[in-house]
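Notes for the structure review
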Amino acid sequence: MSQKNVLLVEGEADRGFFEALCKNWKLSVLAIDVCTPRDAGHDRDSKQAALAVLSSAYLNQLTDGQIERLAIVIDADQVSDGGGFDNTLGKLQQQLNPAGYVLRTNSGSGGLLFGHNDGLNDIGAWVMPNNADEGMLENWIQLNLHPQEAPLMQHAQASIDQIPGGPKFKPLRRCKAEVATWLAWQESPGQGLWQAADSSLLDEAAPQLQALKIWLTGVFPAA
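Residues numbered from 1 in each chain as written. Predicted model: local features only at pLDDT ≥ 70, side-chain atom pairs only at ≥ 80, totals over all residues. Heavy atoms only, no water.

Glancing now at the state of the cysteines. Evaluated as defined, the whole model comprises 0 disulfides. Unpaired in terms of disulfides, Cys-22 finds its nearest cysteine sulfur in Cys-35, a separation of 12 Å. (Disulfide = S-S within 2.5 Å.)

Core analysis: the largest hydrophobic core is formed by 38 residues, its most contacted members being Leu-7, Phe-17, Phe-18, Trp-140, Ile-141 and Trp-182. Counting only elements with at least two residues in this core, the list comes to α1 (12–25), β2 (32–35), β3 (67–75), β6 (123–128), α4 (137–143), α5 (150–161), α6 (174–184) and α7 (207–219). Residues within four places of Phe-18 in sequence aside, it is in contact with Leu-7, Val-9, Val-34, Val-73, Met-128 and Leu-212. Counting 25 residues, the second-largest nonpolar core is a separate cluster that includes Val-53, Leu-54, Leu-59 and Leu-89. (Core = buried A, V, L, I, M, F, W, Y, C linked by side-chain atoms within 4.5 Å. Buried < 20%, exposed > 50% of the residue type's maximum accessible area, 1.4 Å probe, protein only. Helix = DSSP H or I, 4+ residues; strand = E, 2+ residues; numbered from the N terminus. Contact = heavy atoms within 4.5 Å.)

This part takes up the pairing of strand β1 (residues 4–8). The buried fraction of β1 is high, at 4 of 5 residues. Here β1 runs beside β3; their pairing, made up of 5 bridges, is parallel. Across the sheet, Lys-4 pairs through a bridge with Ile-67, a residue of β3. Where β1 and β2 come together, 4 bridges link them in parallel fashion. The partner of Leu-7 across the bridge, within β2, is Val-34. (Pairing = 2+ DSSP bridges.)

Along the chain, Val-6 falls in strand β1. On the basis of relative accessible area, Val-6 is assigned to the buried category, the value being 0%. Val-6 sits 25 residues away from Ala-31 along the chain, and the two C-alpha atoms are 8.9 Å apart. Those residues in contact with Val-6 that lie beyond four places of it in its chain are Asp-33, Cys-35, Tyr-58, Ile-67, Arg-69, Leu-70, Ala-71 and Phe-220.

The next point concerns helix α2 (residues 47–63). Helix length check: α2, at 17 residues, gives a terminal C-alpha distance of 23 Å against a target of 24 Å (1.5 Å per residue), a fit within 8%. Most pronounced at Leu-54, the bend in α2 amounts to some 45°. Where α2 starts, the residue carrying a side-chain oxygen 3.0 Å from the main-chain nitrogen of Ala-49 turns out to be Ser-46. In the stretch just after α2, Gly-65 is the one whose phi turns positive, near 90°. (Expected span 1.5 Å × (residues − 1). Bend = angle between axes of the 7 residues up to and from the residue. Polar contact = N/O pair within 3.5 Å; in protein donor to acceptor, adjacent residues only side chain to side chain.)

Next up on the list: the packing of α2 against helix α3 (residues 85–96). For any two helices packed against each other, the geometry is given by the interaxial angle and the distance between the axes. Direction vectors running N to C along α2 and α3 enclose 20°, while the axes themselves pass 9 Å from each other. In terms of orientation, α2 and α3 fall into the roughly parallel class. In this structure, the crossing between α2 and α3 has a hand that is right-handed. Between α2 and α3, the residues in contact are Lys-47, Gln-48, Leu-51, Leu-54, Ser-55 and Leu-59 and Thr-88, Lys-91, Leu-92, Gln-95 and Leu-96, respectively. Residue classes in the contact of α2 with α3 are distributed as 5 nonpolar, 4 polar and 2 charged. (Axes fitted to C-alpha atoms, helices over the stretch in contact; angles between N-to-C directions. Parallel < 35°, antiparallel > 145°, perpendicular 65-115°, else oblique. Left-handed = near helix turned anticlockwise from the far one by under 90°. Nonpolar A, V, L, I, M, F, W, Y, C, P; charged D, E, K, R; others polar.)

Next comes the structure, spelled out in structure tokens:
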């Protein structure tokens, strides 16, 4: 059996989503272990924690052969909150460049690859939603909705506009609230973000969905 292949994500909701996505896509890839920062011993799950364990734990495991292939998926978030694509890419480079990994492929919506001169496998990175814009995983979900789901998502968005007294959450979390509301109106509410990976809810022909699938199978090729 091949050595472990790690897809590092920010937290449990993201883990559940990507585990379901790989299962629903029936990808012909090596077994992927979707991990969070806590799996590497960090005391919390977050974007910053994922960046920290990328260099403190997983790069070392990749170098000494404990794992064979490595990728990370993190949110761009908002420029106003210290995020955005360029800032997030800069933080990735701060973690990877000192270890000899340099950005060699930046195909925009097609994902990122960091290469090493010593012949180690490339490290993949996907900055949600599309390796270009502000946002997060929930924005990617909205970009790739099945056309039949669009009216329900629009209704969820409109309902948030009508919250008495206004929403309690910060504006940067609005997308999370929209997707959570939309999921709460599905056939089996309360199942978690992983439910959004269902093929009946996503548009399999959407360019961004296809781009993520191609990137994922590129980083974790078939045996």
